[in-house]
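Each chain, letter by letter, is given below.
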Amino acid sequence: MKRRDKRGQFYLIAAIIISVIILGLMTMSNYSRRQESIKTETIGEELKIESEKVLDFGTYHGYSESQIGDLMKNFSRDYINYVQQGVDFYFLFGNSNKVTFVGYSQLDVTIYVNVGSGKSAINLNNREIVSQEFTPTSDNITITIEETDYDFELKKGQNFYFVVSQDIEGEKHVVKN
């Protein structure tokens, strides 16, 4: 009888070890999926910091309104080209005199920008970076992306806003400032 008891103990220990290995693999699988979703939040945090530094650079060097607009347009384009893979970018920057929209999408989409005088359609396609300038008639600006409105308020001085979206396993992850 002692032999049977020991054989039962062996199977019990083997079952516990196999269970621990399976749970470990499942945990690693879930952890690696979480890392992908962090990408959008990481981009959002990075954009907040970098855009502030670019605006500070232009202000410190006494750039004109037009030069700061060009600086931000170049920053937006360079950042899109830097990240690009699987991420959609929508930037809005400027002041109460002029705002610029810069957009990039993986898919063909129509974006609507309302600067106070009604919606203006912007077609994004062929993974090209598109930019368009507007003269705001209101301090409240709305960008409509895939039937979702994102509202921004123009404050005194230079403004920089963004909407970043990424499709991860069929779920849309969006970050905005």
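See the structure printed just above.
**Q** Help me understand the pattern of salt bridges, please; the structure alone is not making it clear to me.
**A** Pairs can form between side chains of opposite charge once their charged atoms are near each other. If you walk through the whole model with that rule in mind, you get five salt bridges. A salt bridge links K172 to D88, with the nearest nitrogen and oxygen atoms 3.8 Å apart. With K172 in strand β9 (residues 171-176) and D88 in strand β1 (residues 87-94), the pair connects residues that are 84 residues apart, well separated along the chain. Since its relative accessible area comes to 42%, K172 is described here as partly exposed. Beyond isolated ion pairs, a larger network of salt bridges with shared partners links K73, K98 and E133.

**Q** Just to check I follow, could you spell out a nonpolar patch on the surface for this structure?
**A** Side chains of I13, I17, I21 and L25 sit close together on the surface and give an oily, nonpolar patch of about 400 Å² of accessible area. Structurally, L25 can be placed in helix α1 (residues 2-60).

**Q** How do you make sense of the pairing of strand β4 (residues 119-124) when you look at a structure like this?
**A** Along a regular strand, successive side chains alternate from one face of the sheet to the other. Bridge count between strand β3 (residues 109-114) and β4: six bridges; the pairing is antiparallel. Looking at the pairing, I111 lines up with I122 of β4. Between β3 and β4, which pair antiparallel one after the other, the connecting turn spans four residues, and G116 there sits at a positive phi close to 115°.

**Q** Help me understand the sheet that holds strand β5 (residues 130-134), please; the structure alone is not making it clear to me.
**A** Paired through backbone hydrogen bonds, the strands of a sheet run either parallel or antiparallel to each other. Taken together, the five strands give an open sheet; going across it, the order is β5-β2-β1-β8-β9, and neighbouring strands pair in antiparallel fashion. Unpaired on one side and paired on the other, β5 and β9 mark the two borders of the sheet. Strand after strand, the sheet turns through a mean of 10° between neighbouring axes, direction not considered. With six bridges connecting them, strand β8 (residues 159-168) and β9 associate as antiparallel partners. From the neighbouring strand, Q166 faces β9, where its bridge partner is H173.

**Q** I would appreciate a short explanation of helix α2 (residues 65-83) in the present structure.
**A** The α-helix winds at 3.6 residues per turn, so residues separated by three or four positions along the chain end up facing the same way. Its 19 residues place the ends of α2 27 Å apart at the C-alpha level, agreeing with the 27 Å of an ideal helix rising 1.5 Å per residue. Here α2 has its buried residues at I68, G69, M72, K73, F75, S76, Y79, I80 and V83. Projection of α2 onto a plane perpendicular to its axis shows the buried side chains occupying an angular sector of 160°, all on one side. Facing away from the buried side of α2 by over 90 degrees, the exposed positions are D78 and Y82.

About the criteria used
Residues numbered from 1 in each chain as written. Predicted model: local features only at pLDDT ≥ 70, side-chain atom pairs only at ≥ 80, totals over all residues. Heavy atoms only, no water. Salt bridge = Lys/Arg side-chain N within 4 Å of Asp/Glu carboxyl O. Helix = DSSP H or I, 4+ residues; strand = E, 2+ residues; numbered from the N terminus. Buried < 20%, exposed > 50% of the residue type's maximum accessible area, 1.4 Å probe, protein only. Patch = residues over 30% accessible without salt bridge, like charges linked within 9 Å, V, L, I, M, F, W, Y side chains within 5 Å. Areas by Shrake-Rupley, 256 points an atom, 1.4 Å probe, with all protein chains shown as cover. Pairing = 2+ DSSP bridges. Axes fitted to C-alpha atoms, helices over the stretch in contact; angles between N-to-C directions. Expected span 1.5 Å × (residues − 1). Arc of directions from axis to C-beta.

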